[in-house]
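Residue-level structural notes
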Amino acid sequence: MKLEFTLTKSDKKLALLIDPDWAKDKEWLIEVFSEIKYSEFDLILIGGSLVFEPDKISQLITEIKSLCDLPVYLFPGNVNQVSKNADGILFMSLISGRNPEFLIGQHVTGAPLIRSYGLHVIPTGYMIIGNTQTSAHYMSQTQAIPYNKPDIALATALAAEMLGLKVIYMDGGSGADRSPSNKMIKILSNELTIPLIVGGGIQSRKQIDESFENGANLIVIGTAAEKRPDIISELRTSSLMK
Ligand code: 1GP
């Protein structure tokens, strides 16, 4: 049975992003998931801009589902990462860029597969934010929205909302030096009617709390959990502003 994840403008939820290449380390996987039931995570995301063994994603999802009862959604860098074992998918159009392959191309290839797998689809306007190059920039061959240009971010997100996308994901990119600014989060949160996902470079509870205060509805933690799995136990229910 598929577990459905929902997101609204009043939510303050947390997602753990698993890069399938890190999860080859079984000790790491077990350490992370032994704590997750005590933590405040609401969603597991799986994927990345470059995955060396996408054919192992289905097996990884099965393992994760044996270790926790959270919904597992795909965060795919390309159509090779689509798995029938997931509950759903962030169906992302890379709206900060102008590469047709990531605006609509991969989607056309993946749509019949996603439908036949019965995945829950969250139509997502995906925006890369930042001045330094990350894997996401390089792999997508797109330019990011500059860190200090909230007006461009807002206009882009408004266009996505007008086109009917259901959430905006502002991403500094995995392991980014700087996550999207509080100012940018606040402006978009105030102006949009759809929920806001924020990720990229978030490593501390302070950053999480500030992003929530400024209007993020879902915060994604990836690299911090890879490098320091004990962050999971630090993010216990009582420690987060809800
Ligand atoms: C990357 O937003 C996600 O696409 C998570 O970023 O790995 O820096 O947490 P981090």
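Note that the structure is a prediction, hence the values are computed from the model and not measured.

A word on the overall build of the protein
When its secondary structure is counted, the protein shows nine helices and eight strands. Taking 2.2 N^0.38 as the reference for a compact globule, 242 residues should give roughly 18 Å; the C-alpha atoms of the protein span a radius of gyration of 16 Å, in line with that estimate. Over its C-alpha atoms, taken along the principal directions, the protein stretches across nearly 45 × 40 × 30 Å. Both charge centroids of the protein, one from 23 positive and one from 27 negative side chains, sit 4 Å from each other.

Digging into the side chain of T142
Mapped onto the fold, T142 is located in the loop between α4 (135-140) and α5 (150-162). Engagement of the side chain of T142 in a polar contact is seen with the side chain of S140, the distance being 2.8 Å. Setting aside residues no more than four positions away along its own chain, T142 makes contact with L94, G97, R98, N99, I128 and H137.

A word on the sheet that holds strand β8 (residues 218-221)
Taken in spatial order, the eight strands close into a barrel running β1-β2-β3-β4-β5-β6-β7-β8, and their pairing is parallel. Averaged over all pairs of adjacent strands, the angle between strand axes in this sheet comes to 30°, irrespective of strand direction. Looking at chain direction, strand β7 (residues 196-199) and β8 are connected through three bridges and run parallel. Across the sheet, the residue bridging to G199 is V220, located in β8. Seen against the sheet, helix α7 (residues 205-213) touches β1 (13-18) and β8 and runs at an angle of roughly 155° to β8.

Regarding the packing of aromatic side chains
Tallying each qualifying case throughout the model produces five aromatic pairs. With 6.0 Å between their ring centres and 85° between their planes, W22 and W28 make a pair best called edge-to-face. For the pair W22 and W28, one class covers both residues: buried. Measuring from centroid to centroid gives 5.2 Å for Y126 and Y169, while their planes differ by 85°, and the two rings are edge-to-face. Residue Y126 is found in strand β5 (residues 120-128), and its partner Y169 is found in strand β6 (residues 167-171); the two are separated by 43 residues along the sequence. For Y169, a relative accessible area of 1% gives the class buried. An aromatic cluster is present here, built from F75, Y126 and Y169 joined pairwise through their rings. Against the face of Y147 rests R178, its NZ or CZ located 3.7 Å from the ring centre.

The rules behind each value
- Residues numbered from 1 in each chain as written.
- Predicted model: local features only at pLDDT ≥ 70, side-chain atom pairs only at ≥ 80, totals over all residues.
- Heavy atoms only, no water.
- Helix = DSSP H or I, 4+ residues; strand = E, 2+ residues; numbered from the N terminus.
- Rg over C-alpha atoms; globule rule 2.2 N^0.38 Å.
- Lys, Arg positive; Asp, Glu negative; His and termini not counted.
- Charge placed at Lys NZ, Arg CZ, Asp CG, Glu CD.
- Polar contact = N/O pair within 3.5 Å; in protein donor to acceptor, adjacent residues only side chain to side chain.
- Contact = heavy atoms within 4.5 Å.
- Pairing = 2+ DSSP bridges.
- Axes fitted to C-alpha atoms, helices over the stretch in contact; angles between N-to-C directions.
- Phe/Tyr/Trp six-rings, centres within 6.5 Å; stacked < 30°, edge-to-face > 60°.
- Buried < 20%, exposed > 50% of the residue type's maximum accessible area, 1.4 Å probe, protein only.
- Lys NZ or Arg CZ within 6 Å of the ring centre and 35° of its normal.

These figures capture arrangement, not role.
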